[in-house]
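For reference, the chains in residue letters:
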Amino acid sequence: MKKFFLLTIIAGLLLLLIKGIFVFISSDLSTQKEVIYIAVVAPTSGKDKHEGDAMIKGISLYIDKINSQKTKGLENKEIKLLIFDDKNTKANALKVAYKINEDNKTVLVLGHYYNSTSLAAGDFYRQSGIPVITASATSEQVSTGNEWYFRTIPGDDLINNFMINYITKFQKQSEINIIFDKDEYSSFVKGFEEMSSNYGIKIKHKWSFDKGESEHHVSEELNKIIRELKVKDDIAPILCITRPEEGAKIITSIKFPDAKFVFMGHYSFSTPSFIDVLKDYPQEKIFHGYYSDNIYAISPFLFDLSSEKAFHFRKEYLKRYNEEPSWISACYYDAAQTAVEAIKRAEFESTENMRENRRKVKDSLSRFNSEENSIEGVTHNIFFDANGNSQSSIFLGYWQNHQFFAEYDQYQIFQETGYLKKKPRSFKQDIGDMVIKMDELTLIKTQIVYTGMYINKISKIDFINNTYLIDFYLWFSFSKDIDDKNILFYNAIQPIKLKDPIKIEVSEKNIITQTYRIKAEFNNNFTVLQNPLGEQMLKIQFHHKTKSINKLMYIPDKKQCMSRTGIKGINIPHGWTINDMDFYQDTININLMPDLPSIKVSSFNTTIWLDNKKNIINFSLKNFVVAFFMIIILHIVFFIPSSHFISRSIIIITILSITLIYDFMFLEDAIREFILVKYEMNVLYILSFITGVITLATWILKKKKGN
């Protein structure tokens, strides 16, 4: 009988265990996330591996962030990447496209990197109904006539118009030489030739080679071009539309410090790969900039001319990968964001019907068709025209000492009117030197002012009133006169009026630098009460009072702004350390007149991160020891007979008096820096009060009992 009951109990326990396991598995399965796959096609091997890595890093940074958040529309869903290597060849690009379709797991493709690979696979994606987003291929043929292919950066039409205006207006040239890769840039050069004739630009010489041929054949063609260039006495600018390796070979063969050749390159010349190739040459290793200095290139994105969102992207990228992001990483970060937003709004019913899901994603992308229905990206607000193109400003920069700097004059899309759709290959005559008209798309000339700041001293930090005093140098570098005194420091306690500059310099290129000395109080909301052990941020912010960002932009002077080593020399209050200092450009809206609409202006921002964690801990530990002994003395009261009321009261009053004196006399200044000690003082106040109440109550009860 006992055995029967024992077996019954064991069987019951086993059933409960099995049921528990089943419930756990069912619960786990019910909460298991649904996986949505995005394919990334990039050159992950070969000469172009650096570009492929930049693509993947930018995309992964966004996907990992979105997966770690509880994003509305992606509940119980996880985005995963499938990486494919097309080696930047047309044959491999088509193979990868076939593979993606056969696997039948991917709802969308990000890539390809080059025009040639995008065109090779584009028709297959269209026939198979797979949506694709590229953030690097610029040929108009990639997206025109293919409703499944989208582009998030400016295409060849806008690039051609930009380059021609730069050549005629900035270089003051009416002649140009062209060297290009037929395999990659034939359509671009054809469009450039058509447009240049409308502007009266003569193409003096045109050389080409075919990267699709064998390496030996390409090398022979390049050597032939170099030989012809060396014997020509020609000072017309050279438009070099090639990949980094071929461009570097041409440049190093004919360019030297005193050479009169002016080189201008496509997007590929503004990538880290371009400067890395040049660094391998002996002269460039010994003398930084021997070949690379003053080579111009266009870029779809420059961090210095971007917003605070781009600034934070750069910091996240640096923290994760320990390297500076390129425009490739930023643009593909935006492409990944656009893809995820499209997936969120596609509203999949099931992941099994992949063809229908792909169509929904494509339709979702097509609905990003205006400024109001755009994606706020790191590089710009992304939306697509009828051809699947997203237009944005193109930036011009130049290499100096292995760094890529923005030119002092830029053409930006007129922001007040937004991004307007344009018809392909239809252009209007320019209006003066300030505006480029392309049908409804308007580009306006923007003056760039490099802005530098050197902090001398930080003092009078007041956490109660949220104020601080900063003594610093401020300078502006510009190519043309600016109204540099008409600026507003909008977090200054009192209005700051710039007096005459203490120093004026003029460079060989007629760049003017004016330096000012400023000592003023600023305010910013500190978080010391909510987060006493955290960093505290000090800010200096200013903008021009009347000029919009279309006309004037303040950007950090990377060549002269205070470096991390310079931070150590700043005079700051005792006990504080500076962890970091940031300089960045952003935009804000201001109202010039009450009845007028607001305008966007360029805001220059300096943030200083202060830390006193180590000193807080040391200071608090020392004072906690004092407080600990005071609490022990306070507890002695309870060992004194309740009839000795006066003795008890003397101890309580003494402890309370010491706390008050210590608080108000010795900690008045320190309490603003070491807010944790205030908690210690409050504990002593409360304990003294409680002890006094108990002492008084027991004395009264004792007295009544005695009576």
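Residues numbered from 1 in each chain as written. Predicted model: local features only at pLDDT ≥ 70, side-chain atom pairs only at ≥ 80, totals over all residues. Heavy atoms only, no water.

Caption draft 1: Layout of the confidence of the model for the protein chain. Per-residue confidence for the protein chain averages 84 on the pLDDT scale, and 85% of its residues sit at or above 70. Across residues 1-9, where pLDDT falls below 50, the model places zero contacts with residues more than four positions away in sequence or in other chains. (pLDDT = per-residue confidence, 0-100. Contact = heavy atoms within 4.5 Å.)

Caption draft 2: Seen up close, the environment of Leu318. Following the sequence through the fold, Leu318 ends up in helix α12 (residues 308-321). With sequence-adjacent residues up to four places away left out, Leu318 is seen in contact with Glu323 and Glu324. (Helix = DSSP H or I, 4+ residues; strand = E, 2+ residues; numbered from the N terminus.)

Caption draft 3: Summary view of the sheet that holds strand β1 (residues 34-42). Ordered in space as β2-β1-β3-β4-β5, the five strands form an open sheet in which the pairing is parallel. The open sheet has two edge strands, β2 (77-85) and β5 (149-151), and neither has a second partner. For this sheet the average axis-to-axis angle between neighbouring strands, irrespective of direction, equals 25°. When β1 meets strand β3 (residues 106-110), the two strands line up parallel, connected through four bridges. When the sheet's bridge partners are listed, Tyr37 is paired in β3 with Thr106. Strand contacts of helix α4 (residues 115-128): β1, β3, β4 (132-134) and β5, with the helix running at about 135° to β5, the strand carrying the most contacts. The strands that helix α14 (residues 354-366) touches are β3, β4 and β5; relative to β3, the one it contacts most, it runs at about 45°. (Pairing = 2+ DSSP bridges. Axes fitted to C-alpha atoms, helices over the stretch in contact; angles between N-to-C directions.)

Caption draft 4: Broad picture of the environment of Ser326. Note on placement: Ser326 falls in the loop between α12 and α13 (327-346). Sequence separation between Ser326 and Phe303 is 23 residues, and the spatial gap between their C-alpha atoms is 8.8 Å. Residues in contact with Ser326, not counting those within four places in the same chain, are Ala54, Pro272 and Phe303.

Caption draft 5: Spatial organisation of the sheet that holds strand β19 (residues 487-489). Strand order in the open sheet made by the four strands is β19-β22-β25-β24, with antiparallel pairing throughout. One side of each edge strand has no neighbouring strand; the edge strands of this open sheet are β19 and β24 (577-590). Taking the axes of each pair of neighbouring strands and ignoring which way they run, one obtains an average angle of 20° across the sheet. Inspection of the sheet shows strand β22 (residues 536-544) paired to strand β25 (residues 599-611) by eight bridges, in the antiparallel sense. Bridge assignment links Ile540 to a residue of β25, and that residue is Thr606.

Caption draft 6: A look at the pattern of salt bridges. Under the definition given, this model contains 31 salt bridges. The residue Glu193 makes a salt bridge to Lys206 at a minimum N-O spacing of 2.9 Å. Of the two residues, Glu193 sits in helix α7 (residues 182-198) while Lys206 sits in strand β7 (residues 202-209), which places them 13 residues apart along the sequence. The exposure class assigned to Glu193 is partly exposed, which follows from its relative accessible area of 28%. Taking relative accessible area as the criterion, Lys206 reaches 44% and is therefore assigned partly exposed. Arg314 is paired through a salt bridge with Glu324; the nearest N and O atoms lie 2.5 Å apart. With Arg314 in helix α12 and Glu324 in the loop between α12 and α13, this residue pair connects regions lying ten residues apart in the sequence. One network of salt bridges, with partners in common, ties together Asp48, Lys90, Asp181, Asp183, Glu184 and Arg243. (Salt bridge = Lys/Arg side-chain N within 4 Å of Asp/Glu carboxyl O. Buried < 20%, exposed > 50% of the residue type's maximum accessible area, 1.4 Å probe, protein only.)

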